[in-house]
Amino acid sequence: MVKKKSKKCNCPVMLYGSRTNENNWVVKTVVNEHMNHNPTPSKSNHISMYRVKKITDVLLKNMENDHDSGTPVAQIFNNLAGRRNGVENIGFSKKDIHNVLNKRMRLRLRDGDAAAMINYSDKMTKDNQNFFHLHRLDKGGKLQDVMWVDARSRAAYQYFGDVVCFHSTYLTNKYELPFSNFVGVNHHGQTILLGCALLSHENAETFVWLFRAWLSCMGGKAPAAIMTDQDAAMRKAIRIVMPMPHTRHRWCMWHIIQKFSRKLGSLTDYPQIKVALQNVIYNSLSPEEFEEGWAEASKKYKLEVCVDDTNKDTKQSSKWLQVLYKQRDMWIPAYVKHIFWAGMQTTQRVESINSFFEGYLKKNTRLYQFAPRYCKAMESRANDERAADVNCSRFTRPLVGEFAYERKCQKVYTDAKFVEVQVQCTRVCYVTPVSKKDISDIEVEHTVSDRVWIWSKFLKKEISLGGPKRTYVVLFNKETLFGKCDCKYFECHGIVCRHIIKVLDMENVVTVPASYTMDRWRKDIQRKQTLVKVAYHDPEKTEEINRYDKIMNAVEPAALLGSQNEQKLDIMLEMVRAAMLRMDVSDVVTTEVADNEGGAASVLNRRGSDGPPTPGSVNKPPNSSGEESPCQSPPILAKDPVPRGGVKAHRPREKRFIPPGENTKPAKKQVRKNKKGVAEDDPPEQPATNPPVPFKQPMDLVAMNPDYTGHQGIKYGNAQNNFHPGWPNQF
């Protein structure tokens with residue numbers, strides 16, 4: 001039996017015509033009596049070709065937005081049925097929506113997933129030249145690495161690019177490319193994104209390419225401080241691209257503390273050892289104090305490396321601690337708290353960004369979906385910043401004391417930072433003066449005592465220990481009215497500590513010096529990124545959809561007024577009918593004028609500007625001089641990266657935070673085997689399919705970094721230029 005059904009029913013209905021010598025159609029035969037079926041106009045709603053025509057471009061774009069936001073097709077269909085008062089008023093089915101959406105996705109991916117992503121980024125760059133994107137290909141033409149920075153992030157970097165946190169995590173996509181991002185802190189203490197990348201490998205060569213491209217995007221300005229995990233490849237790349245003393249590199253302390261239980265958990269006195277080491281790490285005010293405390297704890301719990309030690313676990317734990325101690329200037333607060341870190345001690349802000357993106361990016365996200373969903377996520381982030389700016393201008397938090405510094409910060413600081421100031425002001429009551437000593441005619445040394453404050457994991461806040469206290473020395477200058485404290489809280493966080501506030505109160509300082517207020521936390525400064533949008537418009541929207549959106553924004557208020565009573569409804573409907581009649585008349589007049597225009601030249605001009613080109617011809621856009629633009633070099637067509645197919649990541653999470661010198665085992669050589677399990681040699685490298693593209697003009701990337709010589713298959717998003725594939729690779 002034939003399972004496939006047929007639409008043929010031997011109906012004789014037909015229309016036959018022919019064309020005369022005068023190019024006129026003449027109907028010859030007509031048969032309009034149906035047999036074997038009874039067609040009616042209502043049955044056309046069940047024919048696929050007629051149903052799909054009812055899905056307009058505007059309706060399709062709304063469906064795509066809902067579908068990209070994670071709404072199922074069934075829910076989209078039910079929502080549309082609710083707006084049209086029933087399923088019978090829709091005119092198409094759920095299957096039609098599913099087919100149309102899949103067809104649009106296939107059209108986007110006709111050149112590949114990677115090419116679709118690059119094309120979308122090119123459209124964003126064409127709309128806004130400050131949207132930066134850069135990618136490079138491997139020898140086979142497959143997409144290897146890609147990075148992008150939106151215009152708002154580039155503007156925000158000018159104000160908040162002094163402290164940056166970089167992290168590479170496995171927010172997996174279909175090809176399991178690590179999602180890396182640069183993160184900063186704005187004037188509200190909120191986490192802001194300063195750049196993103198999808199990397200093929202997490203090695204030094206890849207990180208060098210990424211850091212150089214990112215610095216070039218930011219005008220060659222390196223951050224004053226950068227925080228990463230313990231990856232040795234990151235540290236090597238930072239030393240090459242952002243060497244000291246221009247950039248201070250620091251490790252995330254949270255990742256190191258989390259490894260205590262795995263590395264030291266086998267020791268007998270592990271709970272006491274952990275408490276002792278944490279007290280030394282967090283409570284040391286100077287490097288000398290830390291070294292003394294570490295030596296004392298190591299001697300007390302016998303943590304020194306002993307060659308004759310028979311306990312293997314103790315020996316490995318001692319070696320791990322010794323490696324950390326040698327790298328103490330990379331993570332111990334006493335060595336880095338004199339540098340401004342904007343309140344960051346860990347890469348927790350990057351983890352919060354990753355959790356934020358989980359609402360937009362999923363494990364099966366395609367490459368072409370990254371850029372539009374990234375823009376949606378950044379628009380939500382920018383809206384949170386605008387809301388915080390509005391709240392700071394509308395509301396004022398009352399004072400908790402009568403300190404001059406608090407009154408000053410109430411006027412100029414954002415609400416989030418003013419709360420931190422008030423926390424220090426409330427703790428002044430626990431600060432007790434101990435002694436006062438005149439160093440010179442203008443300098444005074446104050447010694448004060450304070451409680452020890454620790455972070456409680458259960459209460460999620462800092463609490464004070466009732467018993468022990470420690471002393472702090474504040475050096476105060478009578479001329480400049482500026483004080484320096486041993487705790488270095490102001491230097492690290494940008495907020496004056498409670499010890500200096502106490503000294504200012506004791507010295508009867510009424511006018512707070514300007515050096516105590518940082519422009520970074522002020523709310524009365526107009527910053528450029530507030531005037532920059534993440535995406536001016538969706539580049540996939542056609543002109544028809546943009547015009548429809550403008551009409552709907554203008555008509556919606558009138559529709560709300562017209563729905564209040566019957567009289568207003570009649571007025572609204574009368575205006576709509578008059579507008580429709582006027583547009584119909586305008587279309588008729590335009591058609592008549594076009595038909596009456598004579599001359600072949602005018603017809604060719606209309607075809608060249610608006611109409612479709614003649615077969616075999618190409619419409620070239622005119623340049624600034626009115627002449628045809630010269631032929632441009634063909635763009636590099638990026639192939640999709642090869643999915644790993646469930647293979648474990650090259651740097652999994654349990655091995656991602658190994659400090660340098662710990663893992664000394666050589667890497668095993670990968671052997672390629674055929675289907676029979678016999679090892680075979682690596683296949684010969686295939687030459688790149690793309691022809692060499694001549695270099696046309698100098699690029700900003702080279703201007704900002706003279707040592708940057710390019711890489712095979714790199715494409716610069718702003719200048720739209722390509723590198724020659726034969727250039728040397730110096731990464």
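Residues numbered from 1 in each chain as written. Predicted model: local features only at pLDDT ≥ 70, side-chain atom pairs only at ≥ 80, totals over all residues. Heavy atoms only, no water.

**Student:** Help me understand the overall build of the protein, please; the structure alone is not making it clear to me.
**Tutor:** Broken down by element type, the protein carries 24 helices and 17 strands. Residues classed as buried in the protein amount to 40% of the 731 residues present. For the protein, the accessible surface area stands at approximately 42,400 Å², while carbon and sulfur atoms represent 53% of it. (Helix = DSSP H or I, 4+ residues; strand = E, 2+ residues; numbered from the N terminus. Buried < 20%, exposed > 50% of the residue type's maximum accessible area, 1.4 Å probe, protein only. Areas by Shrake-Rupley, 256 points an atom, 1.4 Å probe, with all protein chains shown as cover.)

**Student:** For this particular structure, what's the right way to read the pairing of strand β2 (residues 25–31)?
**Tutor:** As a general feature of sheets, a regular strand has side chains that alternate between the two faces. Alignment of strand β1 (residues 14–19) against β2, held across six bridges, turns out to be antiparallel. Looking across to β2, one finds that G17 is bridged to V27. Turn length for the β1-β2 hairpin, with the two strands adjacent in sequence and antiparallel, is five residues, and the turn residue N23 shows positive phi of about 65 degrees. (Pairing = 2+ DSSP bridges.)

**Student:** How should I be thinking about the pattern of salt bridges in this particular structure?
**Tutor:** Pairing between side chains of opposite charge can happen when their charged atoms approach one another. Summed over all chains, the structure comprises 13 salt bridges. A salt bridge links R407 to E402; the shortest N-O distance between them is 3.7 Å. Relative accessible area serves as the criterion here: at 30%, R407 is assigned to the partly exposed category. E420 is paired through a salt bridge with K417; the nearest N and O atoms lie 3.0 Å apart. (Salt bridge = Lys/Arg side-chain N within 4 Å of Asp/Glu carboxyl O.)

**Student:** Honestly, the nonpolar core in this entry has me stumped. Any pointers?
**Tutor:** Judged by nonpolar contacts, the single largest core of 67 residues is most densely connected at F260, Y405 and Y413. Leave out the neighbours within four places in its chain, and Y405 touches Y413, V421, I495, V496, I501, V512 and Y516. The next biggest cluster of nonpolar side chains, apart from the first, holds 32 residues, and it includes V149, F207, C217 and A237. (Core = buried A, V, L, I, M, F, W, Y, C linked by side-chain atoms within 4.5 Å. Contact = heavy atoms within 4.5 Å.)

**Student:** Help me understand the environment of M49, please; the structure alone is not making it clear to me.
**Tutor:** Tracing the backbone through its elements, the reader meets M49 in helix α1 (residues 48–53). According to the relative accessible area criterion, M49 is exposed, its value standing at 52%. Along the chain, M49 and D96 lie 47 residues apart, while their C-alpha atoms are 9.8 Å from each other.

**Student:** Looking at this model, I keep getting lost on the packing of aromatic side chains. Mind explaining?
**Tutor:** Within the structure shown, the criterion is met by 18 aromatic pairs. Considering the side-chain rings of Y157 and W214, the 5.3 Å spacing of their centres and the 80 degrees angle between planes classify their relative orientation as edge-to-face. Here Y157, found in helix α6 (residues 151–160), pairs with W214, found in helix α7 (residues 204–217); they are 57 residues apart in sequence, far enough to count as distant. Residue classification places Y157 among the buried positions, given a relative accessible area of 1%. By the ring-pair criterion, three or more aromatic residues cluster together here, those being Y157, F166, F182, F207, F211 and W214. Positioned above the aromatic ring of W341, the side-chain terminus of R250 is 5.1 Å from the ring centre. (Phe/Tyr/Trp six-rings, centres within 6.5 Å; stacked < 30°, edge-to-face > 60°. Lys NZ or Arg CZ within 6 Å of the ring centre and 35° of its normal.)

**Student:** When you look at α7 in this model, what are you seeing that I'm missing?
**Tutor:** An α-helical turn contains 3.6 residues, so any two residues separated by three or four positions project in the same direction. The terminal C-alpha atoms of α7 lie 20 Å apart, and with 14 residues this matches the ideal 20 Å at 1.5 Å per residue to within 8%. Within two residues after α7, G219 carries a phi angle of roughly 80 degrees, on the positive side. (Expected span 1.5 Å × (residues − 1).)

**Student:** Explanation requested: the confidence of the model for the protein in the structure shown.
**Tutor:** Segments scoring low in pLDDT should not have their predicted coordinates read at a detailed level. Looking at the protein, pLDDT values average 75 and 71% of them are 70 or higher. Here residues 655–667 is modelled with pLDDT under 50, and outside its nearest four sequence neighbours on either side it reaches 25 contacts, counting other chains as well. (pLDDT = per-residue confidence, 0-100.)

**Student:** So what exactly am I meant to see when it comes to the environment of W254 here?
**Tutor:** Within the fold, W254 resides in helix α9 (residues 253–258). When its relative accessible area of 40% is taken as the criterion, W254 is described as partly exposed.

**Student:** Quick question: what am I supposed to make of unusual backbone geometry here?
**Tutor:** Leaving glycine aside, a negative phi is the common case for residues, and trans is the common case for peptide bonds. One non-glycine residue with positive phi stands out, namely N85, at about 60 degrees. Looking at the secondary structure, you find N85 in the loop between α3 (73–83) and α4 (94–108). Judged by its relative accessible area of 65%, N85 is exposed. For K302, which is not glycine, the phi dihedral falls at a positive 55 degrees. As for its position among the elements, K302 is in the loop between α12 (287–300) and α13 (312–326).

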